[in-house]
Amino acid sequence: MTSSPTPNWPTPLLRLDGPLRSRLALAGLVCSLSLGAWAHEESTSVPDEPGWRLGASAALADVRASRALPSQKMSGYLLRGDSGVDRRDSALEHAVLEAAWRISPQWSSYVAVGQHDSDPAHTEAAWVRYQWAPSETGAWSLQAGRSRPQLGPVMTQAGHMDRFSLMPLAKRLAADGDWIDDGVQVSGQREWGEWTANMDAGVWQGRTFPGSAGAASAPSVHLGLARGDWRADAFVAWFRPEGRGSLVQSSTGAHTHNAPDCSSLQSGVLCFAGRSQLSGASLQWASHDWPVTAQAAYVQRQDEGMLRSVNGLADHTGKNQGGWLQALWQITPDWTVGARSERVRAQLALTGAGASLLVQEAGLTGSAPVRRDTALLSWQVHPLVSLSAETGREQQGSQATSFMLIRAVFRWSTKP
């Protein structure tokens, strides 16, 4: 039996070498004078009136650190098991092309294609939504297609063209980054005096992490409540992975976003089958009197089932949990300072005849909680572009690494 924590895996980037990487990062800063923006909801990209909108956004970052960040590999945690992306060898953090169309007051659609690192472009969203006219029971909508299941704005937006460059450790731990899935979601909003309540219930394919290919559908529920400066959200989702593959971790393993095949046992692959439950809560204070916002978020993934490899089989239970505290202060219309503090850990147990060997194969020995603290200074150069500088420190056990980065986030959109 083994206990261990869980590190983070930042958003992947375009891999470049030395001088070429620096030149592209600098070129990105110059080009960003025509574009720029922060995290956004897919819904807000759809016009309020019938019509269409096109958009393009990108984030480029140049990261400097003396060695790879502890969050790169997530050593000691049962995720995909590959070597991760070394952010020091990257420039393109995230790029998105999007198109939105409000067909009528009731019907709307949205498509977004994104790219991380040198990975192939992928569809991040492709959905159609029907909105019923508001009534005494509130405002309701039904959405079908690919999207980010609604977990509350704090959780859903974090990491996706976010204020901070690195993907939150807790989101990496829970869903291997952003949870993007195909499914159907019904959403409702109701107001009672000064209170506003939101509800989202969805059924998803459940084939992305922590699900697996061929898994049963994954239902999710989100509830939100807001009043004045405050908003609170909570969510839960249930997955039934039938063969969630993880590579045996090694220092020379390649980076991949594709889950290893568990249709047959292969050397170097671990396969999990059972139940995974995601749950979390968040709290946000966005002052109407002061240019200050504060957030707190907590996420948990609980696994229960069987873990197997060509060398053994064992009962597996895991409690992976983490969160962050964040504050932003817009000191002038163009300048913002902020800070985020994060921590994740895991408690993992394997029991059975093959437990000891599987613990060694999965690299679950010697792990420790991972912590990251980051400070931010952001400048709104243009209504469409922001430049920022971040400095921070990551620590796992005795390994601590400081980092600095310069980042450009830009966004362009047009409509008739």
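Refer to the preceding data block for the structure.
Conventions used here
- Residues numbered from 1 in each chain as written.
- Predicted model: local features only at pLDDT ≥ 70, side-chain atom pairs only at ≥ 80, totals over all residues.
- Heavy atoms only, no water.
- Helix = DSSP H or I, 4+ residues; strand = E, 2+ residues; numbered from the N terminus.
- 1 Å grid on protein atoms, 1.4 Å probe; cavity = no way out; pocket = protein on both sides within 12 Å on 5 of 7 lines; lining within 4 Å.
- Points joined across faces, edges and corners; volume = space filled by probe spheres on them.
- Nonpolar A, V, L, I, M, F, W, Y, C, P; charged D, E, K, R; others polar.
- Disulfide = S-S within 2.5 Å.
- Buried < 20%, exposed > 50% of the residue type's maximum accessible area, 1.4 Å probe, protein only.
- Polar contact = N/O pair within 3.5 Å; in protein donor to acceptor, adjacent residues only side chain to side chain.
- Pairing = 2+ DSSP bridges.
- Arc of directions from axis to C-beta.
- Salt bridge = Lys/Arg side-chain N within 4 Å of Asp/Glu carboxyl O.
- Core = buried A, V, L, I, M, F, W, Y, C linked by side-chain atoms within 4.5 Å.
- Contact = heavy atoms within 4.5 Å.

Student: I keep staring at unusual backbone geometry and nothing clicks. Help me out?
Tutor: Leaving glycine out, the prevailing phi sign among residues is negative, and the prevailing peptide bond configuration is trans. Residue P210 follows F209 across a cis peptide bond; omega there is 10°. In this structure, M74 is a non-glycine residue whose phi angle is positive, near 55°. Along the polypeptide, M74 turns up in the loop between β1 (51–65) and β2 (92–102). At D176, a residue that is not glycine, the phi angle is positive and equals roughly 60°. Topologically, D176 is positioned in the loop between α3 (169–175) and β6 (181–192).

Student: In this structure, what is going on with empty space enclosed by the protein? I would like to understand it.
Tutor: Gaps between atoms show up when a probe of the same size as a water molecule is rolled over them. Considering all chains together, one arrives at 3 cavities of 30 Å³ or more under this definition. What the largest cavity holds in volume is close to 130 Å³. Along its surface, the largest cavity is lined by 14 residues, and L151, M155, K171, G177 and W179 are the ones closest to its centre. Of all the elements in the fold, those that place two or more residues in the lining of the largest cavity are α2 (153–157) and α3. In terms of residue class, the lining of the largest cavity is built from 9 nonpolar, 2 polar and 3 charged.

Student: Teacher, can you tell me more about the state of the cysteines here?
Tutor: Simply put, the disulfide is a covalent bond whose two ends are the sulfur atoms of two cysteines. Applying the stated criterion across every chain, the model contains 1 disulfide. A sulfur-sulfur separation of 2.0 Å characterises the disulfide bridge that pairs C262 with C271. Taking the sign of the torsion about the S-S bond as the criterion, the disulfide between C262 and C271, at about -100°, is left-handed. On the basis of relative accessible area, C271 is assigned to the buried category, the value being 2%.

Student: I tried to follow the environment of Q150 on my own but got confused; where do I start?
Tutor: If you trace the backbone, Q150 turns up in the loop between β5 (139–147) and α2. Taking C-alpha positions, Q150 is 6.7 Å from D200, a pair spaced 50 residues apart along the chain. Among the polar contacts made by the side chain of Q150, one reaches the main-chain amide nitrogen of G152 at a distance of 2.8 Å.

Student: Explain the pairing of strand β4 (residues 122–131) here, please?
Tutor: The side chains of a regular strand alternate between both faces of the sheet. Both strand β3 (residues 107–115) and β4 contribute to a ladder of 8 bridges, which runs antiparallel. Across the sheet, Y110 pairs through a bridge with W127, a residue of β4. The pairing of β4 with β5 spans 6 bridges and is antiparallel. Across the sheet, R129 pairs through a bridge with Q143, a residue of β5.

Student: In this structure, what is going on with helix α4 (residues 355–362)? I would like to understand it.
Tutor: The α-helix winds at 3.6 residues per turn, so residues separated by three or four positions along the chain end up facing the same way. Those residues of α4 lying buried are A355, L358, V359, E361 and A362. Axial view of α4: buried residues confined to an arc of 165°, hence all on one face. The exposed set on the far side of α4, more than 90 degrees from its buried face, consists of S356 and Q360. Trailing α4 by a residue or two, G363 shows a phi angle of about 70°, which is positive.

Student: In this structure, what is going on with the pattern of salt bridges? I would like to understand it.
Tutor: Note that side chains of opposite charge can pair when their charged atoms are close. Going through the model one piece at a time under the given rule, you end up with 18 salt bridges. With a closest N to O distance of 3.4 Å, E304 and R275 form a salt bridge. Taken together, the positions of E304 in strand β12 (residues 292–309) and R275 in strand β11 (residues 269–286) put the pair 29 residues apart, joining distant regions of the chain. With relative accessibility at 44%, the residue E304 sits in the partly exposed group. In this structure R275 comes out as partly exposed when scored by relative accessible area, which is 43%.

Student: Before we go on, may I ask you to explain the nonpolar core in this structure?
Tutor: Across soluble globular proteins, nonpolar side chains show a tendency to be buried alongside one another. Residues M155, W179, L278, W324 and L350 are the most contacted members of the largest nonpolar core, which totals 38 residues. Listed by contribution, the elements that provide at least two residues to this core are α2, α3, β9 (230–239), β11, β12, β13 (312–330), β14 (335–351) and α4. The greatest single-element share of this core, amounting to 5 residues, is contributed by α3. Among all residues touching W179, those that are not within four sequence positions of it are S147, R148, P149, L151, W204, T208, S220, A237 and F239. Judged by nonpolar contacts, the second largest core, of 7 residues, contains V46, V96, A112 and W127.

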